[in-house]
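# Structural features, examined
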Amino acid sequence: MDIPGLPARKAALKLTDAVLRRGETLDQAANGALQGVRGQADKALARALAGEVLRWLADLDALIDSATRQVLPDDAKPRAVLRIMLAGWLRLDTPPHAVIATGLELLSGGPRRLAHGVFSTLVKRGVTLPAAPTLPPPVVERWGERSAAIAAALAEPPPLDLTLRDPAITAQWADKLGGTSLAPGRLRLPRGNAVENIEGFDAGAWWVQDLAASLPARLLGPGEGRRVLDLCAAPGGKTLQLAAAGWHVTALDASAKRLERMQANLDRTGLSADLVAADALTWEPGAPFDAVLIDAPCTATGTCRRHPDVLHRIGPRQIAELAELQAALLARAAAWVKPGGRLVYAVCSLERAEGEEQAAGVALTPDPVRADELPAGLVPTPDGWVRTDPAMLAEAGGLDGFFIARWRV
């Protein structure tokens, strides 16, 4: 007999194992882990359980350890199953009896009795999680004094942000969708709705894009028919923004498959861009551009609200490797801008090695960002750069962590 919810929990177990043991992203692990899971609701449940385990890992482990004298290795299956069980109970409000009925099916023999005993003990105690997740010590060390505030911002998954194709009708769309606007052309909606079912999707009136992710293209202003290169362009939100702002866009990305998805979004929104599948380290343009926007490959630690796997996968090796790539891409991009043109560099990372330290090594004329170019509540750094993190605009739902710098050539 099939037990409702059991396939989702098996998949959640595979997802967390792929992240913690093999260093995969949740997205990379999803294809294999979700095979055999029928229905979008169960797939969403698997992702939600895995995400909450990764978000609250240290705190879940502390609860488990408080309820047993037996030493459970970090990679022991009973610990992994208990994490899933506790996340379902404490974060997704699954009743304890339903947690037991599904969770214990993931174990057999002695481990099943152990997990039952630990979980029942914690239920009897009425335990709770802290107000904010406990970040891994290496993450706290890297993020410094902002780490506590960032951790507090990770307690809940983020709202849904949309960028409108036509910023002039922001108020109308806010009324229509029941959203709030933090800047012209931007809407923020509560979580919970399937994107494809929201009014305006089929008509291409908007696309999903975090508020912070919309800032780099915004800092290039109106295109007025000028040529811009969107380097490392996929998944395409910035290409759509630039095209909607009147730029003639060349969008370059190494992944032909990701460019296919970008083309589908261009078709849906009625916008146009020239898509190029190529390696930015070897590709050469036929002529320089009026502007170049480089949203460089990075550790993506700034997206930890949506992708808590980055809290556990990213370390000094990954940061150093990507910083080397970013420096090479910046050097090439700078050579492709016309005299008098602009270069914008961005990463969705909270690591200084990928942001501030990269910008400090660029030998171009700084073009400092002004406060009036940013949404209310955000200000440039003293160097004229932009640094956001999930704790900023907290009262409005926060935003991703980004670093952005701009120069004149």
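First, a word on what this report is: a plain description of the structure on this page.

### A look at the packing of helix α6 (residues 96–103) against helix α7 (residues 110–125)
One way to put it is that α6 packs onto α7 with a least axis distance of 11 Å and a crossing angle of 170°. The angle between the axes of α6 and α7 places the two elements in the roughly antiparallel class. Contacts between α6 and α7 involve P96, V99 and I100 on the former and, on the latter, H116, F119, S120 and V123. Across the contact of α6 with α7, the residue classes tally to five nonpolar, two polar and no charged.

### Points about the side chain of Q209
Note that Q209 resides in the loop between β3 (206–208) and α11 (215–218). Given the relative accessible area of 6%, Q209 is considered buried. Among the polar contacts listed, one links the side chain of Q209 to the side chain of W207, at a separation of 3.3 Å. Residues contacting Q209, with those up to four places away along its chain left out, are D161, L162, T163, R186, S214, G237, K238 and Q241.

### Observations concerning the nonpolar core
Burial of nonpolar side chains together is a common tendency in soluble globular proteins. Ranked by size, the top nonpolar core spans 63 residues in total, and within it L231 and L343 carry the most contacts. In terms of residue count, the dominant contributor to this core is strand β8 (residues 337–347) (six residues). When near neighbours in sequence (up to four residues on either side) are disregarded, L231 contacts L252, A280, L293, I294, D295, A333 and W336.

### Some remarks on α7
When the terminal C-alpha atoms of α7 are compared, their 23 Å separation across 16 residues agrees well with the 22 Å that a helix rising 1.5 Å per residue should span. On its buried face, α7 is in contact with α4 (57–66), α5 (77–90) and α6. Trailing α7 by a residue or two, G126 shows a phi angle of about 65°, which is positive.

### Considering the side chain of D161
Within the secondary structure layout, D161 lies in strand β1 (residues 160–164). According to the relative accessible area criterion, D161 is buried, its value standing at 3%. A distance of 2.9 Å separates a polar side-chain atom of D161 from the backbone nitrogen of L211. Excluding residues that lie within four positions of it along the chain, D161 makes contacts with R186, L187, R188, W207, V208, Q209, D210 and L211.

### Points about the environment of A251
With respect to the secondary-structure elements, A251 resides in strand β5 (residues 248–253). Contacts of A251, omitting those with residues within four sequence positions, involve D230, A233, T239, L259, M262, D274, L275 and V276.

### Looking at the environment of V344
Tracing the sequence through the fold places V344 in strand β8. Not counting residues up to four positions away in its chain, the partners in contact with V344 are P216, L220, V292, L293, I294, I404, A405 and R406.

The rules behind the values
Residues numbered from 1 in each chain as written. Predicted model: local features only at pLDDT ≥ 70, side-chain atom pairs only at ≥ 80, totals over all residues. Heavy atoms only, no water. Axes fitted to C-alpha atoms, helices over the stretch in contact; angles between N-to-C directions. Helix = DSSP H or I, 4+ residues; strand = E, 2+ residues; numbered from the N terminus. Parallel < 35°, antiparallel > 145°, perpendicular 65-115°, else oblique. Contact = heavy atoms within 4.5 Å. Nonpolar A, V, L, I, M, F, W, Y, C, P; charged D, E, K, R; others polar. Buried < 20%, exposed > 50% of the residue type's maximum accessible area, 1.4 Å probe, protein only. Polar contact = N/O pair within 3.5 Å; in protein donor to acceptor, adjacent residues only side chain to side chain. Core = buried A, V, L, I, M, F, W, Y, C linked by side-chain atoms within 4.5 Å. Expected span 1.5 Å × (residues − 1).

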